[in-house]
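Tertiary structure, described
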Amino acid sequence: MPKSPAPPKPTPSELEMLRLLWQLGPSTARQVHEAALAARPDMPYANVLRLLQVMHTKGLLARDESQRAHVYAPAQPQESMQTSLVKELINKAFSGSGKELVLAALRGHVSQKERDEIQAILNGDKHQ
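Residues numbered from 1 in each chain as written. Predicted model: local features only at pLDDT ≥ 70, side-chain atom pairs only at ≥ 80, totals over all residues. Heavy atoms only, no water.

Looking at an unreviewed UniProt entry, the protein carries the name BlaI/MecI/CopY family transcriptional regulator, with the source organism given as Massilia agilis. Its UniProt record gives the protein the following Sequence similarities (unreviewed entry) comment, quoted word for word: "Belongs to the BlaI transcriptional regulatory family." (UniProt positions renumbered as here; feature names shortened; annotations may be inferred.)

Right, dumping it as structure tokens:
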């Protein structure tokens, strides 16, 4: 059975749009623009619309064209995209070692509260 092609890697701007859509759910360009304004008040509507259209062409977004205002949704679930990006990071930056990635993250990018949550998971506490 042939291996399916890897999903396209989003640019930082595309990843920002994906994060918004994962939070919002299927949305029009206007809704995505309104949500984007919270973080980037200078972002023009036309830029958001164009970015969504490019992302649809690349296969990052699905688009429902049944209504006048097209509705965009991520083509992949958030967890699937994150797993793909982490796998790429592990291969490129950590020579394929997940352990090295985790150790690098623990060396300074994790709060004490997060460490406690991680320790609870390692201890088998599934209620975290």
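Attention shifts here to the pattern of salt bridges. A side chain of one charge can pair with a side chain of the opposite charge when the charged atoms of the two come close. Applying the stated criterion to the full structure yields 6 salt bridges. Across the pair Glu 88 and Lys 92 runs a salt bridge, and its minimum N-O distance is 2.7 Å. Here Lys 92 and Glu 88 lie together in helix α4 (residues 78-93), a separation of 4 residues that amounts to about one turn. Sharing partners across several salt bridges, the network here consists of Lys 9, Glu 88 and Lys 92. (Salt bridge = Lys/Arg side-chain N within 4 Å of Asp/Glu carboxyl O. Helix = DSSP H or I, 4+ residues; strand = E, 2+ residues; numbered from the N terminus.)

For the rest of this paragraph, the subject is the environment of Arg 115. Of note, Arg 115 is situated in helix α6 (residues 112-122). Look at Arg 115 and you get partly exposed, because its relative accessible area is 33%. Not counting the four nearest positions on each side in its chain, Arg 115 is found in contact with Leu 106, Gly 108 and Val 110. (Buried < 20%, exposed > 50% of the residue type's maximum accessible area, 1.4 Å probe, protein only. Contact = heavy atoms within 4.5 Å.)

For the rest of this paragraph, the subject is the nonpolar core. Residues Met 17, Leu 18, Val 32, Leu 52, Met 55 and Leu 61 are the most contacted members of the largest nonpolar core, which totals 18 residues. When contributions to this core are tallied by element, the ones reaching two or more residues are α1 (12-24), α2 (29-39) and α3 (45-58). Counting residues per element, this core draws most heavily on α1, at 6 residues. Excluding its chain neighbours within four sequence positions, the residues that come into contact with Val 32 are Met 17, Leu 20, Leu 21, Leu 24, Ser 27, Val 48 and Leu 52. (Core = buried A, V, L, I, M, F, W, Y, C linked by side-chain atoms within 4.5 Å.)

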